[in-house]
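Structural features, examined
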Amino acid sequence: MEVAANCSLRVKRPLLDPRFEGYKLSLEPLPCYQLELDAAVAEVKLRDDQYTLEHMHAFGMYNYLHCDSWYQDSVYYVDNLGRIMNLTVMLDTALGKPREVFRLPADLIAYDDRLCASIHFTSSTWVTLSDGTGRLYLIGTGERGNSASEKWEIMFNEELGNPFIIIHSISLLKAEEHSIATLLLRIEREELDMKGSGFYVSLEWVTISKKNKDKRKYEITKRNILHGKSVPHYAAIEPDGNGLMIVSYKSFTFVQVGQNLEESKDEDMSEKIKEPLYYWQQTEDDLTVTVSLPEDCTKEDIQIQFLPDHVNVVLKGQRFLEGNLYSSIDHESSTWIIKENNSLEISLIKKNEGLTWPELVVGDKQGEFIRDSAQCAAIAERLMHLTSDELVNLGSNQYLFSVIVDPKEMPCFCLRHDVDALLWQPHSSNQDDMWEHIATFNALGYVQASKRDKKFFACAPNYSYAALCECLRRVFIYRQPTPMSTVLYNRKEGRQVGQVAKQQVASLETSDPILGFQATNERLFVLTTKNLFLIKVNTEN
């Protein structure tokens with residue numbers, strides 16, 4: 001893993017509108033079309049043993065409707081017959097019935113502890129699929145939407161342990177090797193956790209590969225596992241497959257960093273688990289390094305040299321630790337002492353007070369950083385972890401939702417900024433500007449806070465509107481400001497208003513709970529247990 005870096009979210013001031021007038025309720029009717037489903041949606045309700053807030057976030061609030069961002073206005077869901085059903089809209093007035101594109105081989109009803117089936121559209125020709133029982137499928141689909149070439153075929157099918165849901169996947173082609181990297185989420189029971197909820201969140205980053213020149217099947221080549229104590233708001237694999245970006249209330253740490261599984265089969269497991277050579281801690285002012293000394297080591301056997309940016313520790317004539325420090329120290333004030341428990345304690349005074357060091361010696365992996373409980377609590381409150389090695393302080397910027405603007409890039413995420421809602425596009429390749437502010441929904445951060453019963457939040461990929469729905473029936477649409485066709489004046493300020501932002505409300509003719517919600521540039525799709533509703537929002541792209 002690379003060295004951690006503190007990054008910031010840079011707001012583009014030209015995208016903010018300090019003179020925004022607010023939303024005007026429009027009574028213009030919204031065309032709404034209703035399709036009755038042949039079979040009910042395969043909803044999986046929470047069991048009695050899934051009682052925590054994390055279970056509710058991950059599974060209780062699951063979005064059962066999936067949008068294929070590679071193709072315009074194409075949505076999918078899984079019904080209780082195990083069928084993957086698709087509706088692709090070309091003309092609103094000539095809607096067809098959802099069509100079956102694939103059927104899961106397993107009888108899902110037979111599994112008592114299953115989760116909801118999940119789908120992710122990896123590329124224009126690949127889909128990752130979970131049946132909710134712990135089995136992962138890679139599906140080659142051909143060009144979806146093209147009846148001549150579309151054919152869903154299983155290319156990989158393997159049991160991966162406890163049930164999971166898929167939260168992201170990407171397709172990679174490097175040096176004649178095709179790989180699919182996918183991110184799986186589980187909530188596991190933690191037997192030793194006596195103080196907390198008794199559960200932890202597990203993210204498994206699995207890479208499945210096949211060399212084109214070989215006729216071998218696809219097989220797992222890497223497995224990385226991260227653990228945390230909260231379900232992430234957002235998690236995505238970087239487009240190059242080299243990192244993760246995670247938005248979470250509490251931090252995630254790697255508990256298993258998988259090497260290439262083919263190369264590591266013959267490795268001795270005892271060599272992988274090594275005791276750290278030293279432990280280190282830090283405060284805002286200094287760092288403390290602790291080394292366990294051999295029994296016969298004396299003061300005369302220790303030589304330590306402090307330089308402003310360098311440290312050199314020699315024990316019994318052997319170089320123990322040497323290298324460039326992460327940041328500068330006050331080398332004249334730094335000291336060392338032998339403690340009563342036969343340990344060496346080195347105190348380094350920071351030159352830059354308040355700077356958090358992500359590592360002690362640049363590139364050195366032999367030590368282990370020890371963080372006390374107070375620091376852990378403070379960091380959990382303050383930090384959002386966006387990758388395994390990049391951190392950004394969100395402060396009071398509430399996470400709202402995510403949306404795919406460009407399927408070749410990572411999903412965007414929307415954060416509350418003061419009263420507004422700001423949309424951010426991650427760029428993992430640009431270290432100087434990793435998160436780009438691409439759009440603003442004026443006052444939406446404030447407006448959404450009043451919607452106590454909101455369940456799903458979304459926006460159009462072209463940012464023309466944002467929408468949210470409640471658990472039952474009602475859908476709220478907030479449009480971007482558009483020029484006025486008539487003259488309108490602000491009475492308080494006596495000035496002409498050139499633009500107005502409309503709010504519209506749609507009420508669905510059903511008493512069934514809303515299970516899925518997706519927005520495209522022209523339409524909103526709303527899924528209930530037995531119906532799929534289509535709301536026409538925009539008449540043109």
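Just so you know, these numbers come straight off a predicted model, no measurement behind them. (Residues numbered from 1 in each chain as written. Predicted model: local features only at pLDDT ≥ 70, side-chain atom pairs only at ≥ 80, totals over all residues. Heavy atoms only, no water.)

**Describing the overall build of the protein**
Along its length, the protein carries 5 helices and 40 strands. Looking at the protein as a whole, 48% of its 541 residues qualify as buried. Considering only contacts in the protein between residues 6 or more positions apart, those separated by 24 or more positions represent 57%. For the protein, the accessible area works out to roughly 27,600 Å², and carbon and sulfur atoms hold 48% of it. (Helix = DSSP H or I, 4+ residues; strand = E, 2+ residues; numbered from the N terminus. Buried < 20%, exposed > 50% of the residue type's maximum accessible area, 1.4 Å probe, protein only. Contact = heavy atoms within 4.5 Å. Areas by Shrake-Rupley, 256 points an atom, 1.4 Å probe, with all protein chains shown as cover.)

**Overview of the sheet that holds strand β26 (residues 367–369)**
Read from one edge to the other, the open sheet built from 5 strands follows the order β24-β25-β20-β19-β26, with strand pairing classed as mixed. Both outer strands of the open sheet, β24 (335–338) and β26, are each paired with one neighbouring strand and no more. Mean inter-strand twist for the sheet, computed between neighbouring axes without regard to direction, equals 20 degrees. (Pairing = 2+ DSSP bridges. Axes fitted to C-alpha atoms, helices over the stretch in contact; angles between N-to-C directions.)

**Considering the pattern of salt bridges**
Using the criterion set out here, one finds 19 salt bridges in the structure. Linking Lys12 and Glu436 is a salt bridge whose minimum nitrogen-to-oxygen distance equals 3.0 Å. With Lys12 in the loop between β1 (5–7) and β2 (23–25) and Glu436 in strand β32 (residues 435–441), this pair connects stretches of sequence that are 424 residues apart. Note on Lys12: relative accessible area 34%, which makes it partly exposed. The partly exposed category is assigned to Glu436, whose relative accessible area is 24%. Residues Asp38 and Lys97 are paired through a salt bridge, measuring 3.9 Å at the closest nitrogen-oxygen approach. Of the two residues, Asp38 is situated in the loop between β3 (32–36) and α1 (53–60) and Lys97 in the loop between β6 (83–88) and β7 (99–103); the sequence distance between them amounts to 59 residues. One continuous salt-bridge network, built from bridges that share partners, spans Asp73, Glu522, Arg523 and Lys536. (Salt bridge = Lys/Arg side-chain N within 4 Å of Asp/Glu carboxyl O.)

**Structural notes on unusual backbone geometry**
The backbone of Ala175 shows a phi angle near 50 degrees, a positive value even though the residue is not glycine. Despite not being glycine, Glu176 shows a phi value in the positive range, around 65 degrees. Topologically, Glu176 is positioned in the loop between β12 (165–174) and β13 (177–189). We classify Glu176 as exposed; its relative accessible area is 52%.

**A short note on the pairing of strand β10 (residues 135–140)**
The buried count for β10 comes to 5 of 6 residues, which makes it a mostly enclosed element. The turn joining strand β9 (residues 126–130) and β10, which pair antiparallel and follow one another in sequence, is formed by 4 residues; a positive phi near 90 degrees is taken by Gly132. Pairing of β10 with strand β11 (residues 153–159), which is carried by 6 bridges, proceeds in the antiparallel orientation. Residue pairing in the sheet places Arg135 in a bridge with Glu159 of β11.

**Brief notes about the sheet that holds strand β15 (residues 219–228)**
Here 5 strands make up an open sheet; going across it, the order is β12-β13-β14-β15-β18 and the pairing antiparallel. Here the strands that pair on one side only, and so sit at the sheet edges, are β12 and β18 (252–256). Pairs of neighbouring strands in the sheet enclose a mean axial angle of 25 degrees, with direction left out of account. One ladder, built from 9 bridges, connects β12 with β13; its direction is antiparallel. When the sheet's bridge partners are listed, His168 is paired in β13 with Leu183.

**Some remarks on the packing of aromatic side chains**
Counted according to the given criterion, the structure contains 12 aromatic pairs. Seen from their ring centres, Tyr62 and Tyr64 are 5.3 Å apart, and the 90 degrees between their planes marks the pair as edge-to-face. For the pair shown, Tyr62 and Tyr64 are each scored as buried. One aromatic cluster is present, formed by Tyr76, Phe102, Phe121 and Trp152 through successive ring pairs. It is Lys451 that lies over the ring of Phe476; its NZ or CZ is 4.9 Å from the centre. (Phe/Tyr/Trp six-rings, centres within 6.5 Å; stacked < 30°, edge-to-face > 60°. Lys NZ or Arg CZ within 6 Å of the ring centre and 35° of its normal.)

**Examining the pairing of β15**
Pairing between strand β14 (residues 199–211) and β15: 9 bridges, direction antiparallel. Bridging from a neighbouring strand, Ile208 pairs with Ile220 of β15. Taken together, the 4 bridges between β15 and β18 define a ladder with antiparallel strand orientation. In the strand pairing of β18, His227 is matched with Thr253.

**Points about the nonpolar core**
Membership of the largest hydrophobic core comes to 39 residues, with the highest contact counts inside it found for Tyr64, Leu185, Ile187, Leu527 and Leu532. Those residues within four positions of Ile187 in sequence are excluded, and the remaining contacts are Glu54, His55, Ala58, Phe59, Phe199, Tyr200, Val201 and Val231. Ranked by size, the runner-up nonpolar core spans 23 residues in total, among them Val289, Val313, Leu325 and Leu360. (Core = buried A, V, L, I, M, F, W, Y, C linked by side-chain atoms within 4.5 Å.)

**Some words on α1**
Among the residues of α1, Glu54, His55, Ala58 and Phe59 are the ones counted as buried. The arc enclosing the buried residues of α1, seen along the axis, measures out at 95 degrees, which places them on a common side. Where the residues of α1 are buried, they touch β12, β13 and β14. (Arc of directions from axis to C-beta.)

**Some details on the confidence of the model for the protein**
Residues with a pLDDT of 70 or more make up 86% of the protein, whose mean pLDDT is 85. Segment residues 1–5: pLDDT under 50, and 15 contacts once partners within four positions in sequence are set aside and those in other chains are kept. Contacts of residues 376–391 to residues separated by more than four positions or lying in other chains number 51 contacts, the stretch itself having pLDDT below 50. (pLDDT = per-residue confidence, 0-100.)

**A word on the environment of Val201**
Its location among the elements puts Val201 in strand β14. By relative accessible area, which is 1% here, Val201 ends up buried. Discounting residues that sit within four places of it in the chain, Val201 has contacts with Leu185, Arg186, Ile187, Leu226, His227, Gly228, Lys229, Ser230, Val231, Pro232 and Phe252.

**A few points about the state of the cysteines**
Enumeration according to the criterion identifies 0 disulfides in this entry. The structure places no disulfide on Cys469, whose sulfur is separated from the nearest cysteine sulfur, that of Cys471, by 7.7 Å. Judged by its relative accessible area of 0%, Cys469 falls in the buried class. (Disulfide = S-S within 2.5 Å.)

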